[in-house]
Amino acid sequence: MELLERFAKGDVDAFESLFRQYQGEVYRWIRRIVRNTATAEDITVETFWRMYRAHAQFDSARGNCGAWLRRIATHAAIDYLHRSRDEISLLDDPAAPTLQPPGEQLELRREIYRAMNKLSPALRAVILLALVEEEPYESIARALGISEGAVKVRVFRGVRILRKALQQAGVHA
Amino acid sequence: MKERDGDLKILLKDSLPLAGETELQRDLWPEMLRKFEERTFHVPWWDWALLAGVAVSFFAFPGLIPALLYHL
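Along each chain, numbering runs from 1 in the same order as the chain's sequence is written. The naming scheme follows written order: chains are lettered A onward, ligands numbered 1 onward. Totals for whole chains, interfaces and linings use every residue, but because this is a predicted model, local features are given only for residues with pLDDT of at least 70 and side-chain atom pairs only at 80 or more, for both listing and counting.

Thoughts on the interface of chain A and chain B
Here is step 1 of the chain: C-beta atoms are first placed from the backbone for all residues, and any pair lying within 7 Å is then listed as a contact. Counting residues at the interface gives 35 residues for chain A and 26 residues for chain B.
Here is step 2 of the chain: When contributions to the side of chain A that touches chain B are tallied by element, the ones reaching two or more residues are α2 (12–34), α3 (37–53), α5 (103–117), α6 (121–132) and α8 (148–168) of chain A.
Here is step 3 of the chain: Tallied by class, residues from the side of chain A that touches chain B come to 18 nonpolar, five polar and twelve charged. Helical segments are the DSSP runs of H or I of at least four residues, strand segments are the runs of E of at least two, and each set is numbered from the N terminus. Asp, Glu, Lys and Arg are counted as charged, while Ala, Val, Leu, Ile, Met, Phe, Trp, Tyr, Cys and Pro are counted as nonpolar; the rest, among them Gly, fall into the polar class.

Here you go:
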């Protein structure tokens, strides 16, 4: 029996195979949104947990496990951003390359982080994926289960909020 | 703060390090197994609430116990 079919029937060995096959890809995607190594690892596990619980809903005939997982991962990452909204700091990633910028640059960076934190989790995820990671709109749309048009609208709204927040802080972008 | 001009996208990219190409450093399967074990033995809070409700009912109305046993 095919791996996906066995997974859809709840076979744990099939699930393990899929886990090992996709964990790296799921982790990289989540890390683009949460930007923290430890958090991305936790959410990767949460994503696969959600996947396993939903195994009966997986349509093995369609077979696009990667796309399904990416959608679950995106929602798990956004859920995390919701839960930790006031705590998250884009500065606190020990895995990020750390070239400490000079004073003025650091202040500018802080203003950008503050502005990013004013975005709703869903908007922040879209802005990070579209503008920072330069993911194609089509890929973001598939990951969120929305249309490309809806992604464009979210980018537009996010940019407007960011510009406003940055202008209030004296930064013109 | 000194005012800055420039495109928002460039500003964001300059300030936020790219995360996309960071590879997973370890196998997460052991974590997954741990989560399986935790969730397998996890009793939801409403089950505890139901159990507490039944215990309180039995304590307040001991007559319910033989009635319940009779119907089992």
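Things to note about the environment of Lys-35 of chain B
Here is step 1 of the chain: In this structure, Lys-35 of chain B sits in helix α2 (residues 29–40).
Here is step 2 of the chain: The burial label depends on the number of other C-beta atoms within 10 Å of a residue's C-beta. Counts of 20 or more mean buried, 12 or fewer mean exposed, and intermediate counts mean partly exposed, with C-beta atoms placed from the backbone. The exposure class assigned to Lys-35 of chain B is partly exposed, which follows from the 17 C-beta atoms found within 10 Å.
Here is step 3 of the chain: When neighbours within four sequence positions are excluded, Lys-35 of chain B is seen to be in contact with Val-45 and Trp-49 of chain A.

Topic: the domain arrangement of chain A
It is common to report an interface's size as the accessible area lost on association of the parts.
Residue and element names in this part refer to chain A.
Here is step 1 of the chain: Domain borders in the structure are assigned automatically or taken from a domain database. Taken domain by domain, chain A consists of domain 1 (3–83) and domain 2 (103–168).
Here is step 2 of the chain: Distance between the C-alpha centres of domain 1 and domain 2: 24 Å.
Here is step 3 of the chain: Each side of the interface is counted separately: domain 1 has ten residues, and domain 2 has eleven residues.
Here is step 4 of the chain: Elements supplying a minimum of two residues to the side of domain 1 that touches domain 2: α2 and α4 (65–83).
Here is step 5 of the chain: With eight residues, the top contributor of residues to the side of domain 1 that touches domain 2 is α4.
Here is step 6 of the chain: Across the side of domain 1 that touches domain 2, the residue classes tally to five nonpolar, two polar and three charged.

Considerations on the packing of α4 of chain A against α6 of chain A
Residue and element names in this part refer to chain A.
Here is step 1 of the chain: Running from amino to carboxyl end, α4 crosses α6 at an angle of 125 degrees, the nearest separation of the two axes being 9 Å. In terms of axis orientation, α4 runs oblique to α6. Handedness of the α4/α6 crossing: right-handed. Contacts between α4 and α6 involve Thr-74, Ala-77, Ile-78, Leu-81 and His-82 from the former and Pro-121, Ala-122, Arg-124 and Ala-125 from the latter.
Here is step 2 of the chain: Residue classes in the contact of α4 with α6 are distributed as six nonpolar, two polar and one charged. Every angle, taken between N-to-C directions, lies between 0 and 180 degrees, and every axis is a line fitted to C-alpha atoms, over only the stretch in contact when it is a helix. For classification, angles of less than 35 degrees are called roughly parallel, those exceeding 145 degrees roughly antiparallel, those between 65 and 115 degrees roughly perpendicular, and all remaining angles oblique. It is the rotation of the near helix from the far one that decides the hand of a crossing: anticlockwise by less than a right angle makes it left-handed, clockwise makes it right-handed.

Things to note about unusual backbone geometry
All names here are of chain A.
Here is step 1 of the chain: At Arg-35, a position not held by glycine, the phi torsion is positive, near 60 degrees.
Here is step 2 of the chain: Structurally, Arg-35 can be placed in the loop between α2 and α3.
Here is step 3 of the chain: Judged by the 26 C-beta atoms lying within 10 Å of it, Arg-35 falls in the buried class.

So, the confidence of the model for chain B
Residues and elements named next belong to chain B.
Here is step 1 of the chain: Per-chain confidence: chain B averages 81 in pLDDT, with 86% of residues scoring 70 or above.
Here is step 2 of the chain: For residues 1–6, every residue scores under 50 in pLDDT, and the model assigns this stretch 13 contacts once sequence neighbours within four places are set aside.
Here is step 3 of the chain: Interface predicted TM-score (ipTM) for the complex: 0.78; the corresponding pTM is 0.78. What pLDDT conveys is the predictor's confidence in a given residue, as a value from 0 to 100.

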